[in-house]
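Residue strings, one per chain:
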Amino acid sequence: MSSGLDDLYGGGPKMKEECGIFGIIGHEDASAKVALGLHALQHRGQEAVGIATWDGHQFHAERRMGLVSAKMSDEKILDSLPGAAGIGHTRYSTTGDTVLRNIQPLYADLDRGGLAIAHNGNLTNSRTKRAELIRKGCIFQTTMDSELFLQLAALSRGMTMVDKVIDSLAEIEGAYALTILTQHNLIGIRDPLGIRPLVLGKLGNAPVLASETCAFDLIGAEYVRDVRPGETVICHADGTVESRQITPEPTHARPCIFELIYFAKPNSFIDGDSVYELRKRLGRRLAKEAPVEADLISPIPDSGVPAAVGFSQKADLPFEMALIRSHYAERTFIQPSQKIREIGVARKHSANAGAIAGKRVVLVDDSLVRGTTSRKITRMLRDAGAKEVHFRIACPPIKFPDFYGINTPSRDELLASNHSIQEMRNIIGADSLEFLSLDGLYKAFGKGPRDDDDPAFTDHCFTGDYPTPLTDQMQAKTTAAIEQLSLLAESS
Ligand code: AMP
């Protein structure tokens, strides 16, 4: 295995992941609450789970590969995590890089005490910074970008742990929502643009932090507010919460639009709005923009359901289930090869011939990425007797990759990046294919049309308008260009 700087800039260990984070302080049985909270956030990451607690004398941690319900709900495990303060993390990485040392929370002993950290989001300058720190003698223990927070906090001269953590942020670019456990506090941090979500709640008197409000519902906590972009909240065991704005509150907060479209659980609320209702609005808007003569509307379950409900209500067409989803199939999206992805789609969805034979069917999905799902499903529905199959997608074509934790593939794999809508329709084999417009998307969310000078969201997947510098990408390109030049020089 190579360990040179090339790895850090380019083809080396990838550091992408999707995640859910949680934290609580001032509540006995913190570990049980963290496990329940993480269970509610399981849709954000299914590959690995970790919990760290502080019992007033020492830290405890457990990290396991697998689901929270299978690996973190055993009484013995929870008993091995005593204390009234804890944080947790569910992880969904995209590469073969999931090994125990890469499971969060990460932990380090600094000169002011211990620090455990759980991170959701991706940093866009982590490889560059990491290479810089390695050159200076820092020793990294994982291949995760999240370790940068620990390394930079360790280098800080700040007098308190909170100061050290805040210092580390000055050198970091990209997306981050963090829950951090120290010997004194639970800390929550959201990046200056608020790209990834983080919400503050209360269980009795105990402050709680989570990626989404659905985690509060499961443990019976009350929602207090969303953590603001660029805000650090410092939660104490007595229930008090201090707030420090690490950057001047940005006039350009840009939360990720894809959280609302796909990623968040429908029963969550983001900035006070029901995700389910927002997605229904996308469906209604889509029905208005791209109507179709048909007999029924069906979602591609599960993520297409709210938009299909909205579409069917607006179009005044019956809502039916053209597909039945297996609850025993794993996720198909991030399988390593296209062949396995296709088998995955077949295992996940079955056509419901009784509902669709001889019918003109409109299938509504939240998004189209590689086209694997839609291609397979069109064939399935036709084989089961559907007369026509129309696709309606409740967001615009995804043309640009994500670098902030949503994990869409590179441009080569994005169907819309390389094909017109007509070509995509042909590839999918549908009778028609339409997408929601960008302005329609903003209008459905009550923020539109899109203000190009000050967009309300980061919508880079659709526009290529990335809200932070892409330092690692630039660096990788420069390194590749230098290598090319030296190869040319050698051969001449
Ligand atoms: P594809 O089959 O590649 O076109 O992917 C589209 C399907 O994947 C849709 O049904 C989405 O619900 C789902 N999807 C979209 N984005 C993501 C993501 N970042 N992670 C996992 N699934 C996704």
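Scroll up to find the structure this text is about.
Below or above, wherever it landed, is the structure these notes cover. Every value quoted in this text rests on a predicted model; they were computed, and no experiment measured them.

**What to know about the site of the ligand**
Part 1 of the reasoning: Taken together, the neighbourhood of the ligand is formed by 17 residues, with Ser303, Asp365, Asp366, Gly371 and Thr373 sitting nearest.
Part 2 of the reasoning: Relative to its free-state accessible area of 500 Å², the ligand is covered by the protein chains to the extent of 94%.
Part 3 of the reasoning: If you list the elements that add at least two residues to the shell around the ligand, you get helix 9 (257-263) and helix 14 (372-383).
Part 4 of the reasoning: For the shell around the ligand, the residue count by class is six nonpolar, six polar and five charged.

**Topic: the pairing of strand 6 (residues 113-120)**
Part 1 of the reasoning: Most of strand 6 sits inside the fold, with eight of its eight residues counted as buried.
Part 2 of the reasoning: Here strand 5 (residues 106-110) runs beside strand 6; their pairing, made up of five bridges, is antiparallel. Bridged to Leu110 within strand 6 is Gly113.
Part 3 of the reasoning: Two strands pair when backbone bridges link them, and strand 6 and strand 7 (residues 177-181) are joined in this way by five bridges, in the antiparallel orientation. Note on strand 7: the bridge partner recorded for Ala118 is Thr179.

**Some remarks on the sheet that holds strand 20 (residues 388-393)**
Part 1 of the reasoning: One open sheet accounts for four strands, arranged 16-19-20-21; its pairing is parallel. The two strands at the open ends of the sheet, each matched to only one other strand, are strand 16 (296-299) and strand 21 (432-435). Shown here is a sheet whose adjacent strand axes are inclined to one another by a mean of 20°, direction ignored.
Part 2 of the reasoning: Sheet analysis places strand 19 (residues 360-365) next to strand 20, joined by six bridges and oriented parallel. Within strand 20, the position partnered with Arg360 by the bridge is Glu388.

**Comments concerning the environment of Ile297**
Part 1 of the reasoning: Turning to its location among the elements, Ile297 is positioned in strand 16.
Part 2 of the reasoning: A relative accessible area of 0% means that Ile297 is categorised as buried.
Part 3 of the reasoning: Spatially, the C-alpha atoms of Ile297 and Ser312 are 5.8 Å apart, while their sequence positions differ by 15 residues.
Part 4 of the reasoning: Each residue touching Ile297, except ones within four places of it in the same chain, is listed here: Ala308, Phe311, Ser312, Leu317, Pro318, Phe319, Glu320, Val362 and Val364.

**Some remarks on the packing of helix 5 (residues 126-135) against helix 6 (residues 147-155)**
Part 1 of the reasoning: Contact pair helix 5 / helix 6: the axes reach a minimum separation of 11 Å and the direction vectors enclose 45°. The orientation of helix 5 relative to helix 6 falls into the category oblique. The element helix 5 and its partner helix 6 pack so that their crossing is left-handed. For the pair formed by helix 5 and helix 6, the contact residues are Ser126, Lys129, Arg130 and Leu133 on the first element and Leu148, Gln151, Leu152 and Leu155 on the second.
Part 2 of the reasoning: Residue classes in the contact of helix 5 with helix 6 are distributed as four nonpolar, two polar and two charged.

**Concerning the sheet that holds strand 12 (residues 231-235)**
Part 1 of the reasoning: What the six strands build is an open sheet, ordered 5-6-7-8-12-13; its pairing is antiparallel. Lying at the two open borders of the sheet, with one neighbouring strand each, are strand 5 and strand 13 (241-245). Strand-to-strand twist of the sheet, defined as the mean angle between neighbouring strand axes without regard to direction, takes the value 20°.
Part 2 of the reasoning: Strand direction decides the pairing type here: strand 7 and strand 8 (residues 186-190), joined by five bridges, are antiparallel. Note on strand 8: the bridge partner recorded for Ala177 is Arg190.
Part 3 of the reasoning: Contacts between helix 6 and the sheet are confined to strand 5, strand 6 and strand 7, with strand 5 contributing the most and set at about 5° to the helix.

**Here we look at the pattern of salt bridges**
Part 1 of the reasoning: One pass over the structure, following the stated rule, counts 21 salt bridges.
Part 2 of the reasoning: Between Glu259 and Arg44 there is a salt bridge whose closest N-O contact spans 2.9 Å. Here Glu259 is found in helix 9, whereas its partner Arg44 is found in the loop between helix 2 (30-40) and strand 2 (48-54), with 215 residues between them in sequence.
Part 3 of the reasoning: Since its relative accessible area comes to 2%, Glu259 is described here as buried.
Part 4 of the reasoning: Look at the salt bridges and you will find they share partners, linking Arg254, Arg450, Asp452, Asp459 and Asp465 into a network.

**Some words on helix 14**
Part 1 of the reasoning: The end-to-end C-alpha distance of helix 14 is 17 Å, a good match for the 16 Å that 12 residues give at a rise of 1.5 Å each.
Part 2 of the reasoning: Restricting attention to buried positions, one finds in helix 14 the residues Thr372, Ser374, Ile377, Thr378, Met380 and Leu381.

**Here's the deal with unusual backbone geometry**
Part 1 of the reasoning: Cis geometry is adopted by the peptide bond preceding Pro105, which originates at Gln104 and carries an omega value of 0°.
Part 2 of the reasoning: Summarising the element assignment, Pro105 is placed in the loop between strand 4 (85-93) and strand 5.
Part 3 of the reasoning: In this structure, Pro449 follows Gly448 across a cis peptide bond, with omega equal to 0°.
Part 4 of the reasoning: Within the element layout of this structure, Pro449 appears in the loop between helix 17 (438-444) and helix 18 (460-463).
Part 5 of the reasoning: The phi dihedral of Asp29 is positive, around 60°, even though this residue is not glycine.

**Description of the nonpolar core**
Part 1 of the reasoning: By size, the foremost hydrophobic cluster in this structure holds 69 residues, and its most contacted members are Ile261, Leu363, Leu381, Phe391, Phe445 and Phe462.
Part 2 of the reasoning: Look past the residues within four positions of Phe445 in its chain and what remains in contact with it is Ile257, Leu260, Ile261, Leu278, Arg281, Leu282 and Phe457.
Part 3 of the reasoning: In this structure, Cys138, Phe140, Leu150 and Tyr176 belong to the second largest nonpolar core, which totals 27 residues.

Cut-offs and rules
Residues numbered from 1 in each chain as written. Predicted model: local features only at pLDDT ≥ 70, side-chain atom pairs only at ≥ 80, totals over all residues. Heavy atoms only, no water. Near = heavy atom within 4 Å. Areas by Shrake-Rupley, 256 points an atom, 1.4 Å probe, with all protein chains shown as cover. Helix = DSSP H or I, 4+ residues; strand = E, 2+ residues; numbered from the N terminus. Nonpolar A, V, L, I, M, F, W, Y, C, P; charged D, E, K, R; others polar. Buried < 20%, exposed > 50% of the residue type's maximum accessible area, 1.4 Å probe, protein only. Pairing = 2+ DSSP bridges. Axes fitted to C-alpha atoms, helices over the stretch in contact; angles between N-to-C directions. Contact = heavy atoms within 4.5 Å. Parallel < 35°, antiparallel > 145°, perpendicular 65-115°, else oblique. Left-handed = near helix turned anticlockwise from the far one by under 90°. Salt bridge = Lys/Arg side-chain N within 4 Å of Asp/Glu carboxyl O. Expected span 1.5 Å × (residues − 1). Core = buried A, V, L, I, M, F, W, Y, C linked by side-chain atoms within 4.5 Å.

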